[in-house]
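# Structure assessment
Spelled out from the first residue to the last, the chains are:
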Amino acid sequence: QKEVEQNSGPLSVPEGAIASLNCTYSDRGSQSFFWYRQYSGKSPELIMSIYSNGDKEDGRFTAQLNKASQYVSLLIRDSQPSDSATYLCAVVEGQGAQKLVFGQGTRLTINP
Amino acid sequence: DTEVTQTPKHLVMGMTNKKSLKCEQHMGHRAMYWYKQKAKKPPELMFVYSYEKLSINESVPSRFSPECPNSSLLNLHLHALQPEDSALYLCASSPPRGGYTFGSGTRLTVV
């Protein structure tokens, strides 16, 4: 079983600061990487996808991928209380496979 | 239409009941999925359908029976469930290379 690992937290960040979430994965063949946000009692919501090494920015969110180190991260700038949620790192196993595997999730709390 | 619609949103069933969960998407995605999520845990893959054919079954007990009647619909038939099967059941769909879109889920309680 391929693995996706995240620090489960909780991670507490003051409002307006940068929240940094990290994820490592074990399958070197993985090509597709995603970050989902999940509010309590709700379903996961896709916030970022990344496929190539480097940074990808979308508004206040930046995803970073380093395939050599098998590492994916998510930065949230100017954190808002509404960003408080569980953030799930997800990786598609292998090439051509359609199995999306999730990390355990990091619970993030933004303190006003 | 960028949504995955799941019905019902809530379901309470007895251990001898037969019920079905339904999922529909109109994004033209040819891959559809069922996931199960227990409280404070990540979603766990149950089944993958690709071009209406079952391509992955993650050793799910036979009391869960998936069905894909056409490219837009996915069902999960439930029979003789156990209380430990109570969970949030999530349907998702995806393009060939892209993020999976999840439905809002069905919260299932087995009594």
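### Quick look at the overall build of chain A
Counting secondary structure elements, chain A contains 0 helices and 11 strands. Going from the N terminus to the C terminus, chain A shows its helices and strands as β-β-β-β-β-β-β-β-β-β-β. The C-alpha radius of gyration of chain A comes to 13 Å, within 12% of the 13 Å expected for a compact globule of 112 residues. C-alpha atoms of chain A, sized along the principal axes, occupy 45 × 30 × 20 Å. Within chain A, the fraction of its 112 residues that count as buried is 48%.

### Section: the sheet that holds strand S6 (residues 54-58) of chain A
Residues and elements named next belong to chain A. Across the sheet, which stays open at both edges, the 5 strands sit in the order S1-S3-S8-S7-S6 with antiparallel pairing between neighbours. Strands with a single pairing partner mark the edges of an open sheet, and in this sheet they are strand S1 (4-6) and S6. Taken pair by pair, the neighbouring strands of this sheet meet at an average axis angle of 20°, ignoring direction. Bridging between strand S7 (residues 61-66) and strand S8 (residues 71-76) involves 6 bridges; their strand directions are antiparallel. In the sheet register, Phe61 faces S8, and the bridge partner there is Ile76.

### Re the sheet that holds strand S1 (residues 4-7) of chain B
Residue and element names in this part refer to chain B. As summarised here, the arrangement of the 4 strands in space is S1-S3-S8-S7, forming an open sheet in which the pairing is antiparallel. The outermost strands of the open sheet, each flanked by one partner alone, are S1 and strand S7 (64-70). For this sheet, the mean inter-axis angle between neighbouring strands, taken without regard to orientation, is 20°. Relative to strand S8 (residues 73-79), strand S3 (residues 18-25) runs antiparallel, the two being bridged by 7 bridges. Bridge pairing in S8 links Leu21 to Leu76.

### Quick notes on the environment of B:Met13
Inspection of the secondary structure puts B:Met13 in strand S2 (residues 10-13). Sequence-wise, B:Met13 and B:Thr106 are 93 residues apart; in three dimensions their C-alpha atoms are separated by 12 Å.

### Examining the state of the cysteines
Applying the stated criterion across every chain, the model contains 2 disulfides over all chains. A:Cys23 shares a disulfide with A:Cys89; S-S distance 2.1 Å. The chirality of the disulfide connecting A:Cys23 with A:Cys89 is left-handed, given an S-S dihedral of about -70°. Highlighted residues: A:Cys23 in strand S3 (residues 19-25) and A:Cys89 in strand S9 (residues 85-92), separated in sequence by 66 residues. By relative accessible area, which is 0% here, A:Cys89 ends up buried. Note on cysteine connectivity: B:Cys23 is disulfide-linked to B:Cys91, with sulfurs 1.8 Å apart. Taking the sign of the torsion about the S-S bond as the criterion, the disulfide between B:Cys23 and B:Cys91, at about -70°, is left-handed. A residue pair is termed long-range when its members are at least 10 positions apart, and B:Cys23 in strand S3 and B:Cys91 in strand S9 (residues 87-94) qualify at 68 residues. Left unpaired, B:Cys68 is separated from the closest cysteine sulfur, that of B:Cys23, by 9.2 Å.

### Considering the interface of chain A and chain B
Contact residues are listed per partner, giving 19 residues for chain A and 23 residues for chain B. Across the chain A/chain B interface, buried area totals approximately 1600 Å², and carbon plus sulfur atoms make up 53% of it. Across the salt bridge formed by A:Lys99 and B:Glu58, the nearest N and O atoms sit 2.8 Å from each other. At the boundary of chain A with chain B, the tally comes to 5 residue pairs in polar contact (both at pLDDT 80 or more). Contributing elements (two or more residues each) for the side of chain A that touches chain B: strand S4 (33-38), S9 and strand S10 (100-102) of chain A. A per-element tally of the side of chain A that touches chain B places S4(A) first, with 3 residues. Of the residues belonging to the side of chain A that touches chain B, the class tally is 9 nonpolar, 8 polar and 2 charged.

### Overview of the packing of aromatic side chains
The tally for this structure, following the rule as stated, stands at 11 aromatic pairs over all chains. Taken together, the ring pairs in this structure connect A:Phe34, A:Tyr36, A:Tyr51, A:Phe102, B:Tyr33, B:Tyr35, B:Tyr100 and B:Phe102 into an aromatic cluster. The cationic tip of A:Arg60 hangs over the ring face of A:Phe61; the distance from NZ or CZ to the ring centre is 5.6 Å.

Rules of the game
- Residues numbered from 1 in each chain as written.
- Chains lettered and ligands numbered in written order.
- Predicted model: local features only at pLDDT ≥ 70, side-chain atom pairs only at ≥ 80, totals over all residues.
- Heavy atoms only, no water.
- Helix = DSSP H or I, 4+ residues; strand = E, 2+ residues; numbered from the N terminus.
- Rg over C-alpha atoms; globule rule 2.2 N^0.38 Å.
- Buried < 20%, exposed > 50% of the residue type's maximum accessible area, 1.4 Å probe, protein only.
- Pairing = 2+ DSSP bridges.
- Axes fitted to C-alpha atoms, helices over the stretch in contact; angles between N-to-C directions.
- Disulfide = S-S within 2.5 Å.
- Contact = heavy atoms within 4.5 Å.
- Buried area = accessible area lost by both parts, 1.4 Å probe.
- Salt bridge = Lys/Arg side-chain N within 4 Å of Asp/Glu carboxyl O.
- Polar contact = N/O pair within 3.5 Å; in protein donor to acceptor, adjacent residues only side chain to side chain.
- Nonpolar A, V, L, I, M, F, W, Y, C, P; charged D, E, K, R; others polar.
- Phe/Tyr/Trp six-rings, centres within 6.5 Å; stacked < 30°, edge-to-face > 60°.
- Lys NZ or Arg CZ within 6 Å of the ring centre and 35° of its normal.

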